[in-house]
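This is what each chain is made of:
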Amino acid sequence: DLGYVGIRSYARRKLVHPTLLDDDELASLPERTLFLIGKNEKLYDPHEALARLEEHAPHIRREVIEDGGHDLTSARPEYVCALIMEFASGIAPVP
């Protein structure tokens with residue numbers, strides 16, 4: 001089985017567990033912040049995440065990817081890329 005061979009062929013890596021930003025950290029996010037979340041996200045409830053952002057960081061841009069979960073760039077690569085490119089096009093280069 002190729003899956004077994006793959007698992008046996010590579011050293012295990014320690015996973016990095018995501019941390020939640022506290023309310024003050026959310027409020028201090030720069031205005032030019034893009035938050036993308038999949039409608040089918042399983043690690044966090046997307047509705048709760050968006051509600052928290054609305055409460056503590058209403059100044060940032062939020063986008064829900066309809067057909068996405070935690071795999072946004074795999075599920076909707078062209079759409080996600082277009083959102084990022086459109087967002088980034090409005091950012092002045094750092095001097």
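Before any of the text, the structure's been laid out above.
Structure report, in brief.

Conventions adopted
Residues numbered from 1 in each chain as written. Predicted model: local features only at pLDDT ≥ 70, side-chain atom pairs only at ≥ 80, totals over all residues. Heavy atoms only, no water. Helix = DSSP H or I, 4+ residues; strand = E, 2+ residues; numbered from the N terminus. Polar contact = N/O pair within 3.5 Å; in protein donor to acceptor, adjacent residues only side chain to side chain. Expected span 1.5 Å × (residues − 1). Buried < 20%, exposed > 50% of the residue type's maximum accessible area, 1.4 Å probe, protein only. Arc of directions from axis to C-beta. Salt bridge = Lys/Arg side-chain N within 4 Å of Asp/Glu carboxyl O.

A word on the environment of Asp45
Part 1 of the argument: Looking at the secondary structure, you find Asp45 in the loop between strand 1 (34–38) and helix 3 (46–56).
Part 2 of the argument: Of the polar contacts made by the side chain of Asp45, one reaches the backbone nitrogen of His47; its length is 2.8 Å.
Part 3 of the argument: Here Glu48 takes part through its backbone nitrogen, which lies 2.8 Å from a polar atom of the side chain of Asp45.

Examining helix 5 (residues 77–89)
Part 1 of the argument: With 13 residues, helix 5 should reach 18 Å at 1.5 Å per residue; the first-to-last C-alpha distance of 18 Å fits that figure.
Part 2 of the argument: Every buried residue belonging to helix 5 is among Val80, Leu83 and Phe87, and all of these are buried. The buried residues of helix 5 occupy one face: seen down the axis, they fall within an arc of 60°. Seen from the open side of helix 5, the exposed residues pointing more than 90 degrees away from its buried face are Glu78, Met85 and Ser89.

Brief notes about the pattern of salt bridges
Part 1 of the argument: Applying the stated criterion across every chain yields a total of six salt bridges.
Part 2 of the argument: A salt bridge links Glu86 to Arg61, with the shortest nitrogen-to-oxygen separation between them at 2.5 Å. Here Glu86 is found in helix 5, whereas its partner Arg61 is found in strand 2 (residues 61–65), with 25 residues between them in sequence.
Part 3 of the argument: Assessed through its relative accessible area of 25%, Arg61 is described here as partly exposed.
Part 4 of the argument: The partner of Asp67 in a salt bridge is Arg76, with the nearest N and O atoms 3.8 Å apart.
Part 5 of the argument: In this structure Arg76 comes out as partly exposed when scored by relative accessible area, which is 24%.
Part 6 of the argument: Salt bridges here are not isolated pairs; linked through shared partners, they connect Arg61, Glu63 and Glu86.

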